[in-house]
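Listed below, chain by chain, are the residues.
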Amino acid sequence: MAKNSSYSCFIISGILFLAVLSGAVISKRYANSLHDMHKKLQTVKMNQALMKEAVIDMEKTMTDLKTIVPSDFGTKMPEDRIFTAIDDLKFRMKDYEINVANIGYNGEEVNMPVTIKSSISRKTATKSYAGFVNNIGYLQSMSFPFFSISSISMKQSQDKVSVICEIRGTLKTIKTEDRGQRIEDRR
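Notes on the structure follow. (Residues numbered from 1 in each chain as written. Predicted model: local features only at pLDDT ≥ 70, side-chain atom pairs only at ≥ 80, totals over all residues. Heavy atoms only, no water.)

**Here we look at the overall build of the protein chain**
Next, step 1: Assigned secondary structure in the protein chain consists of four helices and five strands.
Next, step 2: Each helix and strand of the protein chain, placed in order from N terminus to C terminus, yields the pattern α-α-β-β-β-α-β-β-α.
Next, step 3: A total of 187 residues make up the protein chain; the buried ones form 20% of that total.
Next, step 4: Relative to all contacts within the protein chain whose residues are 6 or more apart in sequence, the contacts with residues 24 or more apart total 62%.
Next, step 5: For the protein chain, the exposed surface amounts to about 14100 Å²; the carbon and sulfur share of it is 59%. (Helix = DSSP H or I, 4+ residues; strand = E, 2+ residues; numbered from the N terminus. Buried < 20%, exposed > 50% of the residue type's maximum accessible area, 1.4 Å probe, protein only. Contact = heavy atoms within 4.5 Å. Areas by Shrake-Rupley, 256 points an atom, 1.4 Å probe, with all protein chains shown as cover.)

**Describing the nonpolar core**
Next, step 1: Ranked by internal contacts, the top residues of the largest apolar core, which has 20 residues, are Val114, Ile116, Leu139, Phe147 and Leu171.
Next, step 2: Of all the secondary structure elements, the ones that give two or more residues to this core are α2 (78-92), β3 (109-121), α3 (125-141) and β5 (162-174).
Next, step 3: Counting residues per element, this core draws most heavily on β3, which supplies five residues.
Next, step 4: Ignoring any residue separated from it by four or fewer positions in sequence, one finds leucine 171 in contact with Ile82, Ala85, Ile86, Val110, Asn111, Met112, Val114, Met142, Pro145, Phe146 and Phe147. (Core = buried A, V, L, I, M, F, W, Y, C linked by side-chain atoms within 4.5 Å.)

Structure, rendered in structure tokens:
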């Protein structure tokens, strides 16, 4: 019986050893899991701050975009926007000769070449030149459609009484889907 008793003690102590060892392994894994979870929580907190910054940047971008993109952007045809811009140029630059070419289509871009000419007399050169420069600034500030300046030239007239100023460029906008067309496409 003593032999059986020592054998039982040996088995029990082996089982206890395995239980303690298993407990240690489980505790170590639990500690590692807690450590990993803590690291992930820190990452989430850092990402949360980055996401808040990204949301603020997106809101700022949307606000900026609303100041650039006209409110009727999705409802007005690009050709109409270009014709309206030509009318605005003719109203703003009454003393200028404004010539346009046919509307062109290049992928998603709708464009119209424009030539703007003016004559600056020597008598009113300072005032006229300042107006010319202001008009260049206006053209550069346009959006939807944009005015892309390809060249600006100034040359003396043949009679040498004035300077001929010329701006060549293109009014450009992007295509928008016609709402009427979208309704037809759904049918």
